[in-house]
Amino acid sequence: MFGIEFVPSDPVQKLAAYTKLAEDQGFDNVWITDHYNNRDVYTTLAVLALNTNTIKLGTGVTNPYTRNIAMTASSIAAINDISGGRAILGIGPGDKATFDAMGIAWEKPLLTSRESIQALRAFLSGKKVDQAGEMVKIAGAKMAFKAGDIPIYLGAQGPKMLELAGEVSDGVLINASHPKDFEIAIKAIEAGAKKAGRDPKEVDVGAYACFSIDKKEEKAVGAAKIVVAFIVSGSPPTVLERHGIDVEAANTIGAAIGKGDFGTVLGAVTDEMMDAFSICGTPESCAEKVANLQKIGVTQIVCGSPIGPDKDKSIKLFGKEIIGGN
Ligand code: F42
């Protein structure tokens, strides 16, 4: 399965055109990110729904802190209606830095995710919801209609979140690009699934990858460097060490990003960092990396930011060379 991620920092109409193009190229899913400083995710998905016919439409990913979980159920149910049953819901604990800026306390992200998914499933099935959770408390609320079976994906990287995904989700969106990270992630997902008595194959394993594809290697790399720099600066030391990346070098990049010194940032991104944190290069090399991930058990490749130096061309290249060759 193939997905594509768009960030609504671009105008919604522009994303509608990209999404139609992606649908025509054979992508199965489009995932729209959710951050307060971009356009609203559900309004965006509604417009995409009206401009497409087959592609599934997902939040990639929303969170349980900025919206009450009943409102999330109501919003995704509307997208499911408008699109004729094409909604998928990605949810994750969210991004601490943006919550700090919004004055929202980020407490118990793991437990909040678990309790939110439990409540969501109940709301979507049209049941009366009584849930006396520690983080999610619902007292006899009920949707006025049955939304139907909307797949729920969890955004996860940490071992406990991945295990939770194995226990309770239909799929997981993992922000990573390298086989080493997925080998570890898949073990955690499998452990969670087994704990819950599920077949691990029920869980769609998504690589939410930093992707950049172009016929010219250097152009693909040029487009992805800044994205990789942000990933490096935000990665925990365990992940950096797993890829043999010097923690000091990552700190240097983080400090330069903080100062807005992007010359230093771009100069400090190494080939090893590009290899660890992106799928980037010519169609042939991207196809090989995609095949390696599929071999170890990744079942959905999500073509994430930046996609490529020219989005239209890169979406077409991905369709022809990666989806077409699969
Ligand atoms: N975040 C956004 O805000 N917007 C997006 O559009 C977005 C997209 C996205 C796409 C893919 C993806 O993988 C992630 C994405 N994210 C996005 C980020 C996402 O919302 C999550 O923040 C991220 O995936 C979670 O990272 P994580 O799996 O590392 O989880 C964190 C919370 C973590 O620390 N996990 C630990 C672990 O081992 O998994 C567990 C920590 C723990 O156990 N906490 C306990 C608890 O109950 O929360 C208690 C701790 C205590 O004592 O309070």
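The paragraphs below set out a description of the structure included in this document.

Cut-off values and rules
Residues numbered from 1 in each chain as written. Predicted model: local features only at pLDDT ≥ 70, side-chain atom pairs only at ≥ 80, totals over all residues. Heavy atoms only, no water. Helix = DSSP H or I, 4+ residues; strand = E, 2+ residues; numbered from the N terminus. Expected span 1.5 Å × (residues − 1). Buried < 20%, exposed > 50% of the residue type's maximum accessible area, 1.4 Å probe, protein only. Contact = heavy atoms within 4.5 Å. Polar contact = N/O pair within 3.5 Å; in protein donor to acceptor, adjacent residues only side chain to side chain. Near = heavy atom within 4 Å. Areas by Shrake-Rupley, 256 points an atom, 1.4 Å probe, with all protein chains shown as cover. Nonpolar A, V, L, I, M, F, W, Y, C, P; charged D, E, K, R; others polar.

1. Examining helix α5 (residues 109-124)
Each α-helix winds once per 3.6 residues, and so residues spaced three or four apart point in a common direction.
Next, step 1: Spanning 16 residues, α5 covers 22 Å between terminal C-alpha atoms, matching the ideal 22 Å at 1.5 Å per step.
Next, step 2: Within α5, the full set of buried residues consists of Thr 112, Ser 113, Glu 115, Ser 116, Ile 117, Ala 119, Leu 120, Ala 122, Phe 123 and Leu 124.
Next, step 3: Against the buried residues of α5 lie α3 (69-82), β4 (87-91), β5 (129-132), β6 (137-141), β7 (152-155) and α6 (159-168).
Next, step 4: Following α5 by one or two positions, Gly 126 has its phi on the positive side, about 85°.

2. Overview of the environment of Arg 39
Next, step 1: Counting through the fold element by element, Arg 39 comes out in the loop between β2 (29-32) and α2 (41-50).
Next, step 2: Arg 39 sits 31 residues away from Pro 8 along the chain, and the two C-alpha atoms are 5.2 Å apart.
Next, step 3: What Arg 39 contacts, discounting residues up to four positions off in sequence, is Pro 8, Ser 9, Asp 10, Pro 11, Val 12 and Thr 44.
Next, step 4: A distance of 2.6 Å separates a polar atom in the side chain of Arg 39 from the backbone oxygen of Ser 9.

3. Describing the site of the ligand
Next, step 1: With respect to spatial proximity, 25 residues lie near the ligand, and among them Gly 94, Pro 109, Leu 110, Gln 157 and Leu 173 are the closest.
Next, step 2: Within the backbone of Pro 159, a nitrogen or oxygen atom sits 3.5 Å from an oxygen atom of the ligand.
Next, step 3: Here Leu 173 contributes a backbone N or O atom positioned 2.7 Å from an oxygen atom of the ligand.
Next, step 4: Within the complex, the protein chains bury 74% of what would otherwise be the 1000 Å² of accessible surface of the ligand.
Next, step 5: Every element with two or more residues in the shell around the ligand is listed here: β3 (56-62), α5, α6 and β8 (171-174).
Next, step 6: Split into classes, the residues belonging to the shell around the ligand amount to 12 nonpolar, nine polar and four charged.

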